[in-house]
Amino acid sequence: MNTEESVYNLAKEIDARVAAVEQAAKTGEALPLMRDIAAGLGTVTVDGLGGLVSVDLDRGAVAGQTGASLAGHVLCAIAGAESAAADRRKAMIDDAARENR
């Protein structure tokens, strides 16, 4: 194989890797992620980038909470979901980058 063919093949590999990483990032952004709120209070859902989509509370479970404890549980669940979404997206991108090596 001559130098031109080697460079061409390397460029094709780089293009394929970039396309795979871009697709993984796009897929990761599109996947919502749901997390339970502690104490059985309900769920929070974030988008693939970690943006809050919804907070769904169980009325019966909420009745036994103070405002401060409810807020603490909800905020903790949101922070956990945001972090999990970022970790999942990064893992998807890292996997895509490795697959084409």
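### Quick notes on the confidence of the model for the chain
Reasoning step 1: Looking at the chain as a whole, its pLDDT mean stands at 91, while 97% of the residues score no less than 70.
Reasoning step 2: Across the chain, element-level confidence peaks in strand β2 (residues 42-46) with a mean pLDDT of 98 and bottoms out in helix α1 (residues 3-30) with 88.

### Things to note about the pairing of strand β1 (residues 33-37)
Along a regular strand, successive side chains alternate from one face of the sheet to the other.
Reasoning step 1: Sheet analysis places β1 next to β2, joined by five bridges and oriented antiparallel. Across the sheet, the residue bridging to M34 is T45, located in β2.

### Overview of the side chain of T43
Reasoning step 1: Tracing the sequence through the fold places T43 in strand β2.
Reasoning step 2: You can call T43 buried: its relative accessible area is 16%.
Reasoning step 3: Not counting chain neighbours up to four residues away, the residues in contact with T43 comprise M34, R35, D36, I37, S54, V55 and D56.

### Topic: the pairing of strand β3 (residues 52-57)
Reasoning step 1: Both β2 and β3 contribute to a ladder of five bridges, which runs antiparallel. By the bridge assignment for β3, V44 is matched with V55.
Reasoning step 2: Between β2 and β3, which pair antiparallel one after the other, the connecting turn spans five residues, and G50 there sits at a positive phi close to 95°.

Basis of the calculations
Residues numbered from 1 in each chain as written. Predicted model: local features only at pLDDT ≥ 70, side-chain atom pairs only at ≥ 80, totals over all residues. Heavy atoms only, no water. pLDDT = per-residue confidence, 0-100. Helix = DSSP H or I, 4+ residues; strand = E, 2+ residues; numbered from the N terminus. Pairing = 2+ DSSP bridges. Buried < 20%, exposed > 50% of the residue type's maximum accessible area, 1.4 Å probe, protein only. Contact = heavy atoms within 4.5 Å.

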